[in-house]
Amino acid sequence: MTYYNEHSKVWVSVDVIIFGFDQSKLKVLIGRRQMDPGRGEWSLYGGFVGADEGIDEAAERTLYDLTGLRHLYMRQVGAFGSVERDPGERVISIAYYALINVKDYDDNLRKEHNVEWVDYNQLPALYSDHNEMVSKAIRIMRQKIKTEPISFRLLPQLFTLTQLQRLYEAVLGEEVDKRNFRKRIKDMDFIEKTELIDKTGSKRGAFLYRFNKKAYNEDPNFKL
């Protein structure tokens, strides 16, 4: 027996907004669309939900297909379902955003999929409502970064305080007072200073820090 024959069918897809951080800039991974409609337009990476998978599973599969990385930070942004959003068919898309360390991403895989890291502030017009998806993801990130240590997903394991500050500024879209920022950071037990020094920026160098997940889990009352 079949059901719901009196109702029209719709397609369900997922689109993944992949953020990275490099050269003090927040980046988004985008590529040229490889199918009609919209072939050749700049687009997020996505795909249709299979009949045998949930939407989270589809998003995880899509993210893995593009990056080759597992266990990444990924959260749902929301559903986008305006009637005219896709001229091909009636398609409802569930958008997710993911955070990765650019250095962890195999550049050969990037070239294979023909995608590019583009500065968030210089994003071109994207296919359909993909710019809207990115904007909503940024709004969510700006709230999350103040209350959860998601910033460390975008940084290497060892980082300088300057790198951390530049990341916050890139996500928040505004300058951060250096003195107050460093005072707050140094009060956080889960951000550990190491004895290692990064000398790439100056001869004197800067101490490297790391995120201690165990210390954070013991006292997660984080607020910047």
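## Some words on the overall build of the protein chain
Summing up its helical and strand segments, the protein chain has six helices and nine strands in all. Dimensions of the protein chain along its principal axes, counting C-alpha atoms only, are 70 × 35 × 30 Å. Going through the 224 residues of the protein chain one by one, you find that 42% of them count as buried. Long-range contacts, defined here as pairs at least 24 residues apart, represent 65% of the contacts in the protein chain between residues at least 6 apart. Carbon together with sulfur atoms contributes 46% to the accessible area of the protein chain, which is approximately 13,500 Å² in total. Treating the 35 positive side-chain charges of the protein chain as one cloud and the 34 negative ones as another, the clouds have centres 8 Å apart.

## Observations concerning the packing of helix H3 (residues 130-147) against helix H4 (residues 161-172)
The geometry of H3 relative to H4 is characterised by a closest axis approach of 9 Å and an angle of 145° between their N-to-C directions. Of the residues in H4, those in contact with Met141, Arg142, Ile145 and Lys146 of H3 are Tyr168, Val171 and Leu172. Taken together, the residues of the contact of H3 with H4 sort by class into five nonpolar, no polar and two charged.

## Some remarks on a negative patch on the surface
A surface patch of negative charge is lined by Asp52, Asp56, Glu57 and Glu60. Turning to its location among the elements, Glu60 is positioned in helix H1 (residues 55-67). Among the residues examined, Glu60 registers a relative accessible area of 49% and is labelled partly exposed.

## Digging into the side chain of Glu53
As for its placement among the helices and strands, Glu53 is situated in the loop between strand S4 (45-48) and H1. At 2.7 Å, the side chain of Glu53 and the side chain of Arg61 are in polar contact. Every residue in contact with Glu53, bar those within four places of it in the chain, is listed here: Phe48, Ala58 and Arg61.

## Re the pattern of salt bridges
Tallying each qualifying case throughout the model produces 12 salt bridges. Linking Arg61 and Glu53 is a salt bridge whose minimum nitrogen-to-oxygen distance equals 2.7 Å. Under the relative-accessibility criterion, Arg61 is labelled partly exposed at 32%. Note that Arg210 and Glu192 form a salt bridge whose closest N and O atoms lie 3.1 Å from each other. Taken together, the positions of Arg210 in strand S9 (residues 206-211) and Glu192 in strand S8 (residues 191-198) put the pair 18 residues apart, joining distant regions of the chain.

About the cut-offs
Here the residue numbers are simple positions, counted from 1 along each chain's written sequence. Only residues with pLDDT of 70 or above have their local features reported here, since the model is predicted, and side-chain atom pairs are shown and tallied only from 80 upward, although totals for entire chains, interfaces and linings are computed over all residues. Only hydrogens and water are removed before side-chain values are computed, so all heavy atoms of the structure are retained for them. Think of it this way: any DSSP run of H or I at least four residues long counts as a helix, any run of E at least two long counts as a strand, and we number them from the N terminus. Burial classification: accessible surface area is computed with a 1.4 Å probe over protein chains only, and a residue below 20% of its type maximum counts as buried, one above 50% as exposed, and the rest as partly exposed. When checking whether two residues touch, look at their non-hydrogen atoms; a contact exists if any pair is within 4.5 Å. Computed by Shrake-Rupley with a 1.4 Å probe, the accessible areas treat only the displayed protein chains as cover when residues are assessed. Charge convention: Lys and Arg are scored as positive, Asp and Glu as negative, and His as well as the terminal groups of each chain are ignored. The location of each charge is read from NZ of Lys, CZ of Arg, CG of Asp or CD of Glu. Every axis corresponds to a line fitted to the C-alpha atoms, with the helix fit spanning only the stretch in contact, and the corresponding angles, defined between N-to-C directions, vary from 0 to 180 degrees. Gly is placed with the polar residues, together with every amino acid not listed as nonpolar (Ala, Val, Leu, Ile, Met, Phe, Trp, Tyr, Cys and Pro) or charged (Asp, Glu, Lys and Arg). Each patch is built from residues that are more than 30% exposed by relative accessible area and take part in no salt bridge. Like charges join if they lie within 9 Å; nonpolar side chains (Val, Leu, Ile, Met, Phe, Trp, Tyr) join within 5 Å. A pair is scored as a salt bridge if a Lys or Arg side-chain nitrogen falls within 4 Å of a carboxyl oxygen belonging to Asp or Glu. Two N or O atoms count as a polar contact when they lie within 3.5 Å, although within protein this holds only if one can serve as hydrogen donor and the other as acceptor, and sequence-adjacent residues are included solely when both atoms are side-chain atoms.

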